[in-house]
Protein chains: 2
Amino acid sequence: MTALSAASAAPASPDYDTLSVDLAGRAYDIQIGEGLLARAGALSRAVLRQPRVVIVTDSHVAPLHLKTVEDSYRAAGIDAASVIVPAGEGSKRFDRLQALLDDLLDARIERRTTLVALGGGVIGDLTGFAAAIALRGLNFIQVPTTLLAQVDSSVGGKTGINTEQGKNLVGAFHQPRLVLCDTATLATLPPRELRAGYAEVVKYGLIDDPEFFAWCEANGSALLAGDAELQAEAVRRACLAKARVVEGDEREEKAEGGRALLNLGHTFAHALEAEAGYDGRTLLHGEAVGIDSKLRGHRGHRRANDAGKV
Amino acid sequence: MTALSAASAAPASPDYDTLSVDLAGRAYDIQIGEGLLARAGALSRAVLRQPRVVIVTDSHVAPLHLKTVEDSYRAAGIDAASVIVPAGEGSKRFDRLQALLDDLLDARIERRTTLVALGGGVIGDLTGFAAAIALRGLNFIQVPTTLLAQVDSSVGGKTGINTEQGKNLVGAFHQPRLVLCDTATLATLPPRELRAGYAEVVKYGLIDDPEFFAWCEANGSALLAGDAELQAEAVRRACLAKARVVEGDEREEKAEGGRALLNLGHTFAHALEAEAGYDGRTLLHGEAVGIDSKLRGHRGHRRANDAGKV
């Protein structure tokens, strides 16, 4: 079962929440709070198999957050190397995957080395997939820095890359060992990125939680305007919902009522993104999901009439 | 537990043996006998998730065996497409993996489609890895056609490709759903390929089975000269030994006494192959393993004095 509880390890009252994703043999925690990037080293230590990580991030996120995370690992006595890949959906390509694996192997990763995915959904998907196949499988930690990644892609172990035939057609189910959501990073997001992530938040309300949908209706504007408390609450609620769905159907094998429900809004979204070239210049993933939801009007869904507000 | 028993499904006395690899949630059978290629369709049916397979083979094996296998699937009412890749270790490269995945996606594989790896170790490693990551994981069947693949690489789920940094550094643990060893295919092998596979057979005797090592000493020459009965017995004994080791340490996580034992002879072998260019023109994998075993003399092993005979 998933439990939302205050963490009790620290002697002082902790200022973050811990959620657990309960998968047999692959259980892990999601920690949510402000300022977690600077504590990544101490918070990661329990899941590392050797005092060594390689941080993978992108050219947008590196100048904002990489030094904070590197310093945090080093302060905790953990060796931290880093690899910076170009920002954008274009990095979820075969040639970029190969380049990343080359960089990791050149850095002499070992089977006990842990990768740290620092960035948005592209970095999480790419790094998680590299972790799944480098040396036939390394542990990895998700440190999502966008709302979309914090509420959706960092939890659940879906990793992968795009091909000419479509999105995420090559990849692996590979669960992270830990997810660290530093909600302070959301303050650095452009409004458009925040809206794209918020569409996924509302999705959880649409799928199975009328009360949370009502919460979104009441608080969405303030959240998008930058209210940090509301943003953190949205991340907690969304992660809790996502964790429950993943626990019930880790590999999306149920025909009904399982993980496929989370694909709400994704049927046409992937096609729209393919047309737009995946580069985020014309259409962000969350925007495509929002457009899809509007186009389809959630027919057959009990909250169909609210769909236009997504 | 692994059990070697006569299969009992067929009404007539079956002319093949069935071994089981007992892994929780991923158990599978190894079927060993003459003429199994022509019965692949009927023997596979129970593990298919839809009546559809894509056979992956190489340019050496295709003219020898592909039609037999395709016909067998079609006769069983199973749709069978095929992809032919260039023969040789050079196909365990990133660009060839990408080309194979493109071919599979263009063939409109679905998550319930099963891949069939028809060929030697290169085809098994490449196809198994493609199965591990296409659509985040497909089932696959190993149909090994070399002695090396029948006694070693087709069992245990190690899949992968080579990189500039070394052999098998990118890959996945992905167990097949079935292994079909048609021992009649061994008659088509060049003597050098047979010897390369036989080095791996003897390895099982060296590791933990003095009685089997004595059997090899008594029968090795006749086996290499083409005795089909002895070849089939060697495949059975080797698969049984491999299955036991894999059951005890599926992901090679034990520091001692587990799957890493099977790397006997591989420490320098990979380096020798890297120097020779992996293309099999100058050095086959089994030959490299044999050279390694001689160089190292199996120090510390209780049958160290016999090592020179490998």
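Residues numbered from 1 in each chain as written. Chains lettered and ligands numbered in written order. Predicted model: local features only at pLDDT ≥ 70, side-chain atom pairs only at ≥ 80, totals over all residues. Heavy atoms only, no water.

**Overview of the relation of the copies chain A and chain B**
Turning to step 1, where the next piece is worked out: Least-squares fitting of chain A to chain B yields an RMSD of 0.0 Å, with the transformation described by 0.0 Å of translation along the axis and a rotation of 180 degrees. The transformation relating the two chain copies, once decomposed into turn and shift, fits a two-fold axis.
Turning to step 2, where the next piece is worked out: A shared interface surface links the copies, since 100% of the contact residues of chain A are contact residues in chain B too. (Least-squares fit on C-alpha atoms with pLDDT ≥ 70 in both. Contact = heavy atoms within 4.5 Å.)

**With respect to unusual backbone geometry**
All names here are of chain A.
Turning to step 1, where the next piece is worked out: For Leu 135, which is not glycine, the phi dihedral falls at a positive 55 degrees.
Turning to step 2, where the next piece is worked out: The class for Leu 135 is buried, based on a relative accessible area of 13%.
Turning to step 3, where the next piece is worked out: Phi is positive for Arg 136, which is not a glycine, with a value near 60 degrees.
Turning to step 4, where the next piece is worked out: Note on placement: Arg 136 falls in the loop between α4 (121–133) and β7 (139–144).
Turning to step 5, where the next piece is worked out: Of the residues examined, Arg 136 reaches a relative accessible area of 12% and is grouped as buried. (Buried < 20%, exposed > 50% of the residue type's maximum accessible area, 1.4 Å probe, protein only. Helix = DSSP H or I, 4+ residues; strand = E, 2+ residues; numbered from the N terminus.)

**Some words on helix α8 (residues 228–248) of chain B**
Residues and elements named next belong to chain B.
Turning to step 1, where the next piece is worked out: In this model α8 runs 31 Å from its N-terminal to its C-terminal C-alpha over 21 residues, within 8% of the 30 Å that 1.5 Å per residue would give.
Turning to step 2, where the next piece is worked out: For α8, every residue scored as buried is listed here: Leu 230, Gln 231, Ala 232, Ala 234, Val 235, Arg 236, Ala 238, Cys 239, Leu 240, Lys 242, Ala 243 and Val 246.
Turning to step 3, where the next piece is worked out: The N-cap of α8, judged by a side-chain oxygen 3.0 Å from the amide nitrogen of Glu 229 a few residues on, is Asp 227. (Expected span 1.5 Å × (residues − 1). Polar contact = N/O pair within 3.5 Å; in protein donor to acceptor, adjacent residues only side chain to side chain.)

**Some words on the packing of helix α6 (residues 191–208) of chain A against helix α7 (residues 210–224) of chain A**
All names here are of chain A.
Turning to step 1, where the next piece is worked out: Where α6 contacts α7, the axes come no closer than 7 Å and their chain directions differ by 165 degrees. Classified by the interaxial angle, the pair formed by α6 and α7 is roughly antiparallel. Handedness of the α6/α7 crossing: left-handed. Listed contacts from α7 to Leu 194, Arg 195, Tyr 198, Val 201, Val 202, Tyr 204, Gly 205, Leu 206 and Asp 208 of α6 are Pro 210, Phe 212, Phe 213, Cys 216, Gly 220, Leu 223 and Leu 224.
Turning to step 2, where the next piece is worked out: Looking at the contact of α6 with α7, its residues break down into 12 nonpolar, 2 polar and 2 charged. (Axes fitted to C-alpha atoms, helices over the stretch in contact; angles between N-to-C directions. Parallel < 35°, antiparallel > 145°, perpendicular 65-115°, else oblique. Left-handed = near helix turned anticlockwise from the far one by under 90°. Nonpolar A, V, L, I, M, F, W, Y, C, P; charged D, E, K, R; others polar.)

**Topic: the environment of Val 245 of chain A**
Turning to step 1, where the next piece is worked out: Here Val 245 of chain A lies in helix α8 (residues 228–248).
Turning to step 2, where the next piece is worked out: Contact partners of Val 245 of chain A, with chain neighbours within four places excluded, come to Gly 258, Arg 259 and Leu 262 of chain A.

**Here we look at the interface of chain A and chain B**
Turning to step 1, where the next piece is worked out: Opposite the 26 residues of chain A that make contact, chain B presents 26 residues.
Turning to step 2, where the next piece is worked out: Together chain A and chain B conceal approximately 2500 Å² of surface at their shared face, both sides included; 53% is due to carbon and sulfur atoms.
Turning to step 3, where the next piece is worked out: Considering only the side of chain A, the residues that lose the most area to chain B are Phe 94, Arg 136 and Gln 165 of chain A, jointly responsible for 32% of the buried surface there.
Turning to step 4, where the next piece is worked out: Taken together, the links from chain A to chain B amount to 0 salt bridges.
Turning to step 5, where the next piece is worked out: Elements supplying a minimum of two residues to the side of chain A that touches chain B: α3 (94–106), α4, β8 (158–163) and β9 (166–173) of chain A.
Turning to step 6, where the next piece is worked out: Take the side of chain A that touches chain B: its biggest share by element is 7 residues, from α3 of chain A.
Turning to step 7, where the next piece is worked out: For the side of chain A that touches chain B, the class distribution of residues is 13 nonpolar, 6 polar and 7 charged. (Buried area = accessible area lost by both parts, 1.4 Å probe. Salt bridge = Lys/Arg side-chain N within 4 Å of Asp/Glu carboxyl O.)

**Concerning the confidence of the model for chain A**
For any part of a model where pLDDT is low, the fine detail of the predicted coordinates should not be relied upon.
Residues and elements named next belong to chain A.
Turning to step 1, where the next piece is worked out: Mean pLDDT for chain A: 87, with 80% of residues reaching 70 or above.
Turning to step 2, where the next piece is worked out: Every residue in residues 1–11 scores below 50 in pLDDT, and together they form 22 contacts with partners more than four places removed in sequence or on other chains.
Turning to step 3, where the next piece is worked out: Scored below 50 in pLDDT, residues 297–310 makes 28 contacts in the model with residues more than four places away or belonging to other chains.
Turning to step 4, where the next piece is worked out: Interface predicted TM-score (ipTM) for the complex: 0.85; the corresponding pTM is 0.86. (pLDDT = per-residue confidence, 0-100.)

**A word on the side chain of Asp 182 of chain B**
Residues and elements named next belong to chain B.
Turning to step 1, where the next piece is worked out: Structurally, the position occupied by Asp 182 is in strand β10 (residues 178–182).
Turning to step 2, where the next piece is worked out: At 8.8 Å, Arg 39 is the nearest oppositely charged side chain to Asp 182, a buried residue that forms no salt bridge.
Turning to step 3, where the next piece is worked out: A polar contact is formed between the side chain of Asp 182 and the backbone nitrogen of Ala 184, at a distance of 2.9 Å.
Turning to step 4, where the next piece is worked out: Contacts of Asp 182, omitting those with residues within four sequence positions, involve Gly 33, Glu 34, Gly 35, Leu 36, Leu 37, Pro 144 and Gln 150. (Lys, Arg positive; Asp, Glu negative; His and termini not counted.)

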